[in-house]
Every structure is written in C-alpha cells, then in structure tokens.
Amino acid sequence: MAAHNEYGKWGEQQAVEYLQGKGYTICHRDWKYDHRDLDITALTDDGETLAIVEVKTRRNTDYMQPEEAVDWRKMRSLAIAANAYVRRYQVNCQVRFDIISVIGQGDDVRIEHLENAFIPPLR
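Read on for an overview of the structure. (Residues numbered from 1 in each chain as written. Predicted model: local features only at pLDDT ≥ 70, side-chain atom pairs only at ≥ 80, totals over all residues. Heavy atoms only, no water.)

## Brief notes about the overall build of the chain
Next, step 1: When its secondary structure is counted, the chain shows two helices and five strands.
Next, step 2: Each helix and strand of the chain, ordered N terminal to C terminal, gives the series α-β-β-β-α-β-β.
Next, step 3: By the compact-globule yardstick of 14 Å for 123 residues, the chain fits well, its C-alpha radius of gyration being 14 Å.
Next, step 4: Seen through its principal axes, the chain has C-alpha atoms that stretch 40 × 30 × 25 Å.
Next, step 5: A burial count over the chain gives 38% of its 123 residues as buried.
Next, step 6: Sequence separation of at least 24 residues holds for 55% of the intrachain contacts in the chain that already meet a minimum separation of 6.
Next, step 7: For the chain, the accessible surface area stands at approximately 7,400 Å², while carbon and sulfur atoms represent 45% of it.
Next, step 8: Across the chain, the 16 positively charged side chains and the 20 negatively charged ones have centroids separated by 8 Å. (Helix = DSSP H or I, 4+ residues; strand = E, 2+ residues; numbered from the N terminus. Rg over C-alpha atoms; globule rule 2.2 N^0.38 Å. Buried < 20%, exposed > 50% of the residue type's maximum accessible area, 1.4 Å probe, protein only. Contact = heavy atoms within 4.5 Å. Areas by Shrake-Rupley, 256 points an atom, 1.4 Å probe, with all protein chains shown as cover. Lys, Arg positive; Asp, Glu negative; His and termini not counted. Charge placed at Lys NZ, Arg CZ, Asp CG, Glu CD.)

Structure, rendered in structure tokens:
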C-alpha cells in the first residue's frame, strides 16, 4: 500500500476513535457501492441520527483546509452511496453528512468534526 494510503487509513482510525469517544456506534468503515465509498457510517450517541462521515487527513494545512477537498462532485458521490446504504440497510432515522479533518501526525494531531457539514446537491 502506498504511504499516502496508509496515512489516510491512520487518519480514518483516528476519526473512529474520536467518534467512539463521543459515544457514537460505528456501523461500517469503507463501505463500498460501485466505485464509490463511505469512509465511516456511525449512529450518534442518542441513536437517532446516522452520520455519513467523510474523513480528510492532512499532514498540515499549508495547501488548503482538509474539508475544502470535499467539492460538489464528492458531495454528489457521497449522496449516491448514502442513498444506496440507506436502502440496503433500511435505515429509518435522520441522516446527516459530516466531515472529520485529521491534521498532523504522531502525537501532534488535531481533529475537527464538522457535523452536518453539507447538504448534498440533487444533481
């Protein structure tokens, strides 16, 4: 696996641990639908909302903020995969789209959680 892929997996693990610390229940990681994927699906601590979480991992923010990488194309792709997920698992609760940014490496890590980060485009 390429180093950047391993770093991304590490960031995703950081995000999972962060969510679990907030009382979320992780449903799936890297759930696939065709060529699309959902990084994390998790139920909130009250069990009333399914969070579709896109994780962006960066060593620093010199180039851009990690959440800026979630453009309208990515939002649309996430919405398509989320729709398939909801149908497949017959989800019967609120669904929201979150972004978790993991910035740094080693012991010097900052995690930012943007709840309800976007409403996906319809087209």
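Still to come is the rest of the account.
## Description of the packing of aromatic side chains
Aromatic ring pairs are defined here through the distance separating the ring centres and the angle between the ring planes.
Next, step 1: Applying the stated criterion across every chain yields a total of six aromatic pairs.
Next, step 2: With centroids separated by 6.2 Å and ring planes inclined at 65 degrees, the aromatic side chains of tryptophan 31 and tyrosine 89 adopt a geometry described as edge-to-face. Of this pair, tryptophan 31 sits in strand S1 (residues 25-33) while tyrosine 89 sits in helix H2 (residues 72-89), and the two are 58 residues apart along the sequence.
Next, step 3: Judged by relative accessible area, which is 12%, tryptophan 31 ranks as buried.
Next, step 4: Their ring planes at 50 degrees and their centres at 4.7 Å tell us that tyrosine 85 and tyrosine 89 sit as a pair that is tilted. Taken together, the residues tyrosine 85 and tyrosine 89, both in helix H2 and four residues apart, mark about one turn of the helix.
Next, step 5: Given the relative accessible area of 33%, tyrosine 89 is considered partly exposed.
Next, step 6: Each residue in the set Trp31, Tyr33, Tyr85 and Tyr89 is aromatic and connected to the rest through ring pairs, giving one cluster.
Next, step 7: For arginine 88, the ring lying beneath its charged end belongs to tyrosine 89, and the centroid distance is 4.8 Å. (Phe/Tyr/Trp six-rings, centres within 6.5 Å; stacked < 30°, edge-to-face > 60°. Lys NZ or Arg CZ within 6 Å of the ring centre and 35° of its normal.)

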